[in-house]
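What follows is each chain in one-letter form.
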Amino acid sequence: MTPNTDEAFLREVDEELRRDQIVGVWKNYGRVIVGLIVAALAIFAAVLGWRAWSHGAAEKKAIELQQAYDSIASGNTQAAKAPIDKLAGDSAPGYRALAKMLQGNDLLAAGKTKEAAAKYGEVAGDSSVGQPIRDLATIRQTQTEFDGLAPQVVIDRLKPLATSDSAWLGSAGEMIAAADLKLNRTAEARAMFKLIAESDKVPDSIRQRAVQATQALDPGTNVQKGK
């Protein structure tokens, strides 16, 4: 054979072997391959269906929560009770937490401070809930039961939230400073009020109170916002 004919012959043999291999694989594993393809398509369809259902369910919960907010805003708290109670037992952590916060607010408005604090505490202790909501619940819980708490409990609970870069510095810091004053720790209270007074991240109303408290505890203290 010439080199060209030899090369063509080898290529033809190689292609024939590949065809035989493919036919053999299909004969031996054809059903398995078809089954895997069908299973993959079924899983894909199920995922798409679950996403559509999940999106629809989340949208429905959002509407229910908004309607509850609207009812509360209009003063019709009774109309808001049923959807809030339903969402408070929901499996979605976010909606459940927000609903429990609304339940706590309703209990607090009714003068049931112990029950309200317990409801806020449920949210604060729920590890499945986002940290910002848990922090808000911690603030609300502590505000609600502040008068009945030991000062050191207040300090220990709120200390992580009373840092210079915390969004809760104002609220948490005020309660910590008040607790320090109950313990006759004037220096610590003054330092906390000064931290709040010099922060540009707290509401002006809280900052002004902190300025006044700082100067009352130490008239010679120089307070500069944003220092």
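One numbering rule holds for all chains: residues counted from 1, following each sequence as written. pLDDT decides what is reported in this predicted model: residues at 70 or higher carry local features, side-chain atom pairs at 80 or more are listed and counted, and totals for whole chains, interfaces and linings draw on all residues regardless. With hydrogens and water excluded, all non-hydrogen atoms of the structure serve as input to the side-chain values.

> Can you walk me through the overall build of the protein chain in this structure?
We count a stretch as a helix when DSSP gives it H or I for four or more residues in a row; a strand needs E for two or more, and each element gets its number in order from the N terminus. Within the protein chain one finds nine helices and zero strands. When the helices and strands of the protein chain are read in sequence order from the N terminus, they spell out α-α-α-α-α-α-α-α-α. When burial is assessed residue by residue, the protein chain has 32% of its 227 residues classed as buried. When contacts within the protein chain are restricted to residue pairs at least 6 apart in sequence, long-range pairs at least 24 apart make up 45% of them. Counting every atom, the protein chain has about 14300 Å² of accessible surface; 57% of that belongs to carbon and sulfur. Categorising residues by exposure relies on relative accessible area from a 1.4 Å probe, with only protein chains included: less than 20% of the type maximum marks a residue as buried, more than 50% marks it as exposed, and the intermediate range marks it as partly exposed. The criterion used for residue contact is that any of the two residues' heavy atoms lie within 4.5 Å. Using the Shrake-Rupley algorithm and a 1.4 Å probe, accessible areas are obtained, with residue cover drawn only from the displayed protein chains.

> Even after reading the chapter, I still don't get the layout of surface pockets, so can you show me in this structure?
The rolling of a water-molecule-sized probe over the atoms marks out the regions of remaining empty space. Both cavities and pockets are sets of points on a 1 Å grid over the protein atoms alone; in a cavity a 1.4 Å probe fits but cannot get out, in a pocket the set is open with protein on both sides within 12 Å along at least five of seven lines, and lining residues sit with an atom within 4 Å of a point. Grid points are joined across faces, edges and corners, and a volume is the space filled by probe spheres set on the points. Approximately 260 Å³ is the volume found for the largest pocket. Along the wall of the largest pocket there are 14 residues; nearest its centre are Thr77, Ile84, Leu102, Gln103 and Asp106. Of all elements in the fold, only α2 (77–88) and α3 (93–109) reach the threshold of two or more residues within the lining of the largest pocket. Any residue that is not Ala, Val, Leu, Ile, Met, Phe, Trp, Tyr, Cys, Pro, Asp, Glu, Lys or Arg is counted as polar, Gly included; the first ten are nonpolar and the last four charged. By residue class, the composition of the lining of the largest pocket is six nonpolar, four polar and four charged.

> Whenever I open this one, the environment of Glu188 confuses me. Can you help?
You can see Glu188 is positioned in helix α8 (residues 186–197). For Glu188, a relative accessible area of 37% corresponds to the partly exposed category. In this structure the C-alpha to C-alpha distance between Glu188 and Ala177, which are eleven residues apart in sequence, comes to 7.2 Å.

> Mind showing me how you'd approach helix α4 (residues 113–124) here?
In an α-helix, one full turn covers 3.6 residues, which means residues spaced three or four apart are oriented alike. Given a rise of 1.5 Å per residue, twelve residues ought to cover 16 Å, and the 16 Å separating the end C-alpha atoms of α4 matches this to within 8%. Here α4 has its buried residues at Ala116, Ala117, Lys119, Tyr120, Val123 and Ala124. The arc enclosing the buried residues of α4, seen along the axis, measures out at 160°, which places them on a common side. On the buried face of α4, the contacting elements are α3 and α5 (131–145). Under the convention used throughout, the expected extent of a helix is 1.5 Å for every residue step, that is, one less than its residue count. What the arc describes is the spread of directions from the helix axis to the C-beta atoms.

> Which parts of the structure should I look at to understand the environment of Leu181?
Among the structural elements, Leu181 can be located in helix α7 (residues 169–182). Its relative accessible area of 36% is what places Leu181 among the partly exposed residues. Apart from the residues lying within four places of it in its own chain, the contact partners of Leu181 are Thr186, Ala189, Phe193 and Leu217.

> Which parts of the structure should I look at to understand the pattern of salt bridges?
Where charged atoms from two side chains of opposite charge approach closely, those side chains can pair. Basic side-chain nitrogens of Lys or Arg form a salt bridge, by our definition, when they fall within 4 Å of a carboxyl oxygen of Asp or Glu. The full count for this structure, using the stated rule, is seven salt bridges. Note that Lys100 and Glu122 form a salt bridge whose closest N and O atoms lie 3.1 Å from each other. Of this pair, Lys100 sits in helix α3 while Glu122 sits in helix α4, and the two are 22 residues apart along the sequence. Lys100 sits in the buried class, given a relative accessible area of 16%. Here Arg157 and Glu145 are joined by a salt bridge, their closest N and O atoms 2.8 Å apart. Here the residue Arg157 occupies a position in helix α6 (residues 151–158), and Glu145 occupies one in helix α5, the gap between them amounting to twelve residues. The class of Arg157 is partly exposed, set by a relative accessible area of 26%. The class for Glu145 is partly exposed, based on a relative accessible area of 24%. A single network of salt bridges, built from pairs that share partners, joins Asp180, Arg185 and Glu188.

> Explanation requested: unusual backbone geometry in the structure shown.
In terms of backbone geometry, most residues other than glycine have negative phi values and most peptide bonds are trans. Positive phi is not limited to glycine here, since Asn184 has a value of about 60°. Turning to its location among the elements, Asn184 is positioned in the loop between α7 and α8.

> Sorry, what's going on with the side chain of Gln141 here?
Here Gln141 lies in helix α5. With a relative accessible area of 15%, Gln141 lands in the buried category. Not counting chain neighbours up to four residues away, the residues in contact with Gln141 comprise Ala117, Tyr120, Gly121, Ala124 and Arg157.

> Can you help me understand α2 in this one?
The terminal C-alpha atoms of α2, which comprises twelve residues, lie 15 Å apart, in line with the 16 Å expected from a rise of 1.5 Å per residue. Looking at α2, one finds that the buried residues are Ala80, Pro83, Ile84, Leu87 and Ala88. Taken around the axis of α2, the buried residues stretch over an arc of 140°, which confines them to a single face. Turned more than 90 degrees away from the buried face of α2, the exposed residues are Gln78, Ala82 and Lys86.

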